Amino acid sequence: MPKPLALDFDPIARADELWTRRWGSVPSMAAITSIMRAHQILLSRVDAVLKPYGLTFARYEALVLLTFSRTGELSLSKIGERLMVHPTSVTNTVDRLERAGLVARRPNPLDGRGVLASITARGREAVEDATRELMAMEFGLEEYGADQCRQVFELLRPLRVAAGDFEEEGGTPAG
């Protein structure tokens, strides 16, 4: 994990003050800067837990997704769709998981051109162990209670809907 900055002031609050003086109040600038910094902090915390398993968060998510499937396997296209990532990213993720012995590939019998990724016993063990550790440290969000985590989820949901990630319940189109 990176060394704490230990500044005697909040640099994002300071940037917000300076921004306001120069261009006027724009709360969204402080919000996005805080979100980006939080992303750095959380990724660092989570990666520190996952690194001993040879995982990144993207690889961990792929393994979790495979454990959620009934058969322990999914097509690469379905993995990309569910993880909301580009096909190239899925291929790279599965390549690395396969090299580590955490997944195996096989041709998709329902699609002659497609490939299935299947979680291996070693992959199941790694995801179970890593999940226990991540849950113990609240996925890096230990400063927040369950209600606050739900609030963060709800606050960010409209952004994801507007981006077209999914449709709201009741069929409201995204975007």
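Residues numbered from 1 in each chain as written. Predicted model: local features only at pLDDT ≥ 70, side-chain atom pairs only at ≥ 80, totals over all residues. Heavy atoms only, no water.

Observations concerning the overall build of the protein chain
For clarity, the threshold we go by: The numbering of helices and of strands both runs from the N terminus, where a helix is a DSSP run of H or I of at least 4 residues and a strand a run of E of at least 2. The quantity called the radius of gyration is restricted to C-alpha atoms. Its globule counterpart is 2.2 Å times the number of residues to the power 0.38. Using a 1.4 Å probe on the protein chains alone, a residue whose accessible area is under 20% of its type maximum counts as buried, one over 50% counts as exposed, and one in between counts as partly exposed. The contact criterion used is simple: two residues touch if any of their non-hydrogen atoms lie within 4.5 Å. In these tables, accessible area is a Shrake-Rupley quantity obtained with a 1.4 Å probe, and a residue counts as shielded only by the protein chains included in the view. Charge counting follows a simple rule: Lys and Arg are positive, Asp and Glu are negative, and His as well as the terminal groups are ignored. Where a charge lies is defined by one atom per residue type: Lys uses NZ, Arg uses CZ, Asp uses CG and Glu uses CD.
Within the protein chain one finds 7 helices and 3 strands. Order of helices (α) and strands (β) in the protein chain, N terminus to C terminus: α-α-α-β-α-α-β-β-α-α. In terms of C-alpha radius of gyration, the protein chain reaches 20 Å, well past the compact-globule figure of 16 Å for 175 residues. Expressed as a percentage of the 175 residues in the protein chain, the buried residues total 27%. Within the protein chain, residue pairs in contact and separated by at least 24 positions form 48% of the contacts whose partners lie at least 6 positions apart. Total accessible area on the protein chain stands at roughly 12,100 Å², and carbon and sulfur atoms take up 57% of it. Placing the 22 positive and 24 negative side-chain charges of the protein chain at their respective mean positions leaves the two points 6 Å apart.

Looking at helix 2 (residues 27-50)
In plain terms, the rule: To estimate the expected span of a helix, subtract one from its residue number and multiply by 1.5 Å.
If you check helix 2, its first and last C-alpha atoms are 34 Å apart, about what 24 residues at 1.5 Å a residue would give, namely 34 Å. The complete set of buried residues in helix 2 reads Met-29, Ala-30, Ser-44, Arg-45, Val-46, Val-49 and Leu-50. Buried residues along helix 2 sit against helix 1 (11-23), helix 3 (57-68) and helix 6 (121-136).

A short note on the nonpolar core
Formally: Here, nonpolar core refers to any group of buried Ala, Val, Leu, Ile, Met, Phe, Trp, Tyr and Cys residues whose side-chain atoms link them within 4.5 Å.
Formed by 26 residues in total, the largest nonpolar core has its most connected members in Tyr-60, Leu-63 and Ile-79. With 6 residues, helix 3 is the largest single contributor of residues to this core. Look past the residues within four positions of Ile-79 in its chain and what remains in contact with it is Leu-65, Leu-66, Leu-74, Val-90, Val-94 and Ala-117.

Some remarks on the confidence of the model for the protein chain
Our working definition: The predictor attaches a confidence to each residue, and that confidence, scored 0 to 100, is pLDDT.
Confidence along the protein chain averages 93 in pLDDT terms, with 95% of residues attaining 70 or more. Ranking the helices and strands of the protein chain by mean pLDDT puts helix 6 first, with 98, and helix 4 (residues 76-83) last, with 93.

Points about the pattern of salt bridges
Heads up, the condition is: Think of a salt bridge as a Lys or Arg side-chain nitrogen and an Asp or Glu carboxyl oxygen that are within 4 Å of each other.
Tallying each qualifying case throughout the model produces 9 salt bridges. Of the charged contacts in the structure, one is a salt bridge between Arg-106 and Glu-73, with a shortest N-O distance of 2.6 Å. Here the residue Arg-106 occupies a position in strand 2 (residues 103-107), and Glu-73 occupies one in strand 1 (residues 73-75), the gap between them amounting to 33 residues. Arg-106 gets classed as partly exposed once you look at its relative accessible area, which sits at 35%. According to the relative accessible area criterion, Glu-73 is buried, its value standing at 17%. Through salt bridges with shared partners, a single ionic network connects Arg-45, Glu-142 and Glu-143.

A word on the UniProt feature "domain: HTH marR-type" (unreviewed entry) in the protein chain
In plain terms, the rule: UniProt positions are given in the numbering used here, feature names are shortened, and annotations may be inferred rather than shown by experiment.
Those residues carrying the UniProt feature "domain: HTH marR-type" (unreviewed entry) are residues 28-161 in this numbering. Secondary structure content for residues 28-161 is 66% helix and 10% strand, and the end C-alpha separation is 18 Å.

Here's the deal with the sheet that holds strand 3 (residues 115-119)
For clarity, the threshold we go by: Criterion used throughout: strands pair if DSSP finds at least two bridges between them. As a rule, the C-alpha atoms of each element are fitted with a line to give its axis, helices using only the stretch in contact, and angles between N-to-C directions run from 0 to 180 degrees.
Overall, antiparallel pairing links the 3 strands, which are arranged 1-3-2 in an open sheet. On the outer flanks of this sheet lie strand 1 and strand 2, each paired with one strand and no other. Direction aside, neighbouring strands of the sheet carry axes that sit 25° apart on average. Summarising the sheet, strand 1 and strand 3 pair through 3 bridges and their orientation is antiparallel.

A few points about the pairing of strand 3
By the criterion of burial, strand 3 is predominantly enclosed, with 4 of the 5 residues buried. Here strand 2 pairs with strand 3 via 5 bridges, running antiparallel. Looking at strand 3, one finds that Ala-104 is bridged to Ser-118.

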